[in-house]
Amino acid sequence: MRLHERLAAAREQLVRAGIQPSEAAIDVELYARTILQWDRARLLLHLQSAVPDTLEPQFSDWLARRERFEPSAYIVGEREFWGLDFFVTPAVLVPRPETELVVEEAVAIARADGQSRRIADIGTGSGCIAVSVAHDVPRCTVVATDVSSGALEVARRNSERHAVDGRIHFVCTPYLDGVHGTFDVITANPPYVRTIDKRGLSPDVLQEPHVALFGGASGLEHIDAVLTTASQALRPGGWLVMEFGFGQEDEVRELASRQPNLFVDRTRADLQGLARTAIIQRR
């Protein structure tokens, strides 16, 4: 069998299982390139060649896992974010492109005057925000918190992978409870999915840790707590950069207005034009 025939059969296998054709094509190529340790150009060059002996049995094993809607990032064990590769396990959310807006804004703020910055990342998960910011802002230290010890272990591995572990302190705690001192920048991607919306989530997403997904009946429970934390933990003039869910902009602005020392400077939209990131300053 030729390689292109094996890949075509794999795509059909995933589509029959309920994976969208476009996703199936991406998944199959990702699995083949990862297992064979080839870049895309080499894969294309060898499509007419015989199936390499090293493709199996791992390729079939991975396809079987994907048929059960396991996210590809968990199967492969990593995901690219902010131009960096991050270890990913079922203990953490899969990093998503829209979260790069949080990194972009935090990096711009932290670099503004070249001064050293103290940064906190609430609910760090895989550490994708904390590690990316530390990677791009050498003159900063970061406190990264999470309630999940499993998530913190993944985040530590990622900090070591990108040689920023000496500047990130990991703490197992909700929000910034028990963390002393104030911060120049706080970042957060809190759980914001309404509990009632669980039924509408894809089977892939439902395999991610629910503690990192759901924000109570309104979806705003953790957002409100992050705002309260920021009002206390930011230095005057400091910034909170926080992701929120589709359609929550008005509620985020309202909740921020209840904190007398916070104001929403602006929001950022994702590639679909939907407001997803709030940039909030402490007076």
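Given the structure is predicted, the values throughout are model-derived calculations rather than measurements.

1. Points about the overall build of the chain
Here is step 1: Each helix and strand in the chain was counted, giving 10 helices and nine strands.
Here is step 2: For 283 residues, the compact-globule estimate of 2.2 N^0.38 gives 19 Å, and the C-alpha radius of gyration of the chain, at 21 Å, lies within 12% of that figure.
Here is step 3: Its C-alpha atoms put the chain at 65 × 40 × 35 Å along the principal axes.
Here is step 4: Residues counted as buried form 50% of the 283 residues belonging to the chain.
Here is step 5: Here the analysis covers contacts within the chain between residues at least 6 apart in sequence; of these, 65% occur between residues at least 24 apart.
Here is step 6: Of the roughly 13200 Å² of accessible surface on the chain, 51% is carried by carbon and sulfur atoms.

2. Focus: the side chain of Asp 27
Here is step 1: Residue placement: Asp 27 occurs in helix α2 (residues 21–36).
Here is step 2: Taking the relative accessible area as the measure of exposure, Asp 27 reaches 7% and is therefore buried.
Here is step 3: One polar contact links Asp 27 to Ser 72, side chain to side chain, over a distance of 2.9 Å.
Here is step 4: When residues no more than four places from it in sequence are discounted, the contact partners of Asp 27 are Leu 14, Ile 19, Arg 66 and Ser 72.

3. Comments concerning the pattern of salt bridges
Pairing is possible between side chains of opposite charge, provided their charged atoms come close.
Here is step 1: If you walk through the whole model with that rule in mind, you get 21 salt bridges.
Here is step 2: A salt bridge links Glu 23 to Arg 66, with the nearest nitrogen and oxygen atoms 3.4 Å apart. Pair noted here: Glu 23 is in helix α2 and Arg 66 is in helix α4 (residues 58–67), with a separation of 43 residues, a long-range link.
Here is step 3: Here Glu 23 falls in the partly exposed class, since its relative accessible area comes to 37%.
Here is step 4: Judged by its relative accessible area of 3%, Arg 66 is buried.
Here is step 5: The partner of Arg 65 in a salt bridge is Glu 70, and the shortest N-O contact between them spans 2.7 Å.
Here is step 6: Assessed through its relative accessible area of 24%, Arg 65 is described here as partly exposed.
Here is step 7: Look at the salt bridges and you will find they share partners, linking Glu 104, Glu 105, Asp 265, Arg 266 and Arg 268 into a network.

4. Re the sheet that holds strand β3 (residues 117–122)
Here is step 1: Across the sheet, seven strands lie side by side as β5-β4-β3-β6-β7-β9-β8; this open sheet has mixed pairing. The sheet is open, and its two borders are formed by β5 (168–172) and β8 (262–269), each paired with just one other strand. On average, adjacent strands in this sheet sit at an angle of 20° to one another, irrespective of strand direction.
Here is step 2: In this structure, strand β6 (residues 183–188) lies alongside strand β7 (residues 234–243), joined through five bridges in parallel fashion. Residue Ile 186 lies in a different strand from β7, and its bridge partner there is Leu 240.
Here is step 3: Along the sheet, helix α7 (residues 128–136) contacts β3, β4 (140–146), β5 and β6; its crossing angle with β4, the most-contacted strand, is approximately 175°.

5. Observations concerning α7
Here is step 1: A large share of α7 lies buried, amounting to eight of its nine residues.
Here is step 2: Among all positions of α7, only Cys 128, Ile 129, Ala 130, Val 131, Ser 132, Val 133, Ala 134 and Asp 136 are buried.

6. Examining the nonpolar core
Here is step 1: Membership of the largest hydrophobic core comes to 33 residues, with the highest contact counts inside it found for Ile 186, Ile 223, Leu 227, Leu 240 and Met 242.
Here is step 2: Counting only elements with at least two residues in this core, the list comes to β3, β6, α9 (221–233), β7, α10 (249–257), β8 and β9 (275–282).
Here is step 3: Of all the elements, α9 adds the most residues to this core, at five residues.
Here is step 4: What Leu 240 contacts, discounting residues up to four positions off in sequence, is Ile 186, Val 226, Leu 227, Ala 230, Leu 234, Ala 278, Ile 279 and Ile 280.
Here is step 5: Counting 29 residues, the second largest nonpolar core, distinct from the first, contains Leu 84, Cys 128, Ala 130 and Ile 168.

7. Describing the pairing of strand β2 (residues 84–87)
Here is step 1: On β2, burial follows the alternation: Leu 84 and Phe 86 on one face are buried, whereas Asp 85 and Phe 87 on the facing-out side are not.
Here is step 2: Examined bridge by bridge, strand β1 (residues 78–81) and β2 share four bridges and lie antiparallel to one another. Paired with Glu 80 across the two strands is Asp 85, which belongs to β2.
Here is step 3: Hairpin connection, β1 to β2: the antiparallel pair is bridged by two residues, and Trp 82 has positive phi, about 55°.

Conventions used here
Residues numbered from 1 in each chain as written. Predicted model: local features only at pLDDT ≥ 70, side-chain atom pairs only at ≥ 80, totals over all residues. Heavy atoms only, no water. Helix = DSSP H or I, 4+ residues; strand = E, 2+ residues; numbered from the N terminus. Rg over C-alpha atoms; globule rule 2.2 N^0.38 Å. Buried < 20%, exposed > 50% of the residue type's maximum accessible area, 1.4 Å probe, protein only. Contact = heavy atoms within 4.5 Å. Areas by Shrake-Rupley, 256 points an atom, 1.4 Å probe, with all protein chains shown as cover. Polar contact = N/O pair within 3.5 Å; in protein donor to acceptor, adjacent residues only side chain to side chain. Salt bridge = Lys/Arg side-chain N within 4 Å of Asp/Glu carboxyl O. Pairing = 2+ DSSP bridges. Axes fitted to C-alpha atoms, helices over the stretch in contact; angles between N-to-C directions. Core = buried A, V, L, I, M, F, W, Y, C linked by side-chain atoms within 4.5 Å.

The values are spatial; any link to function lies outside them.
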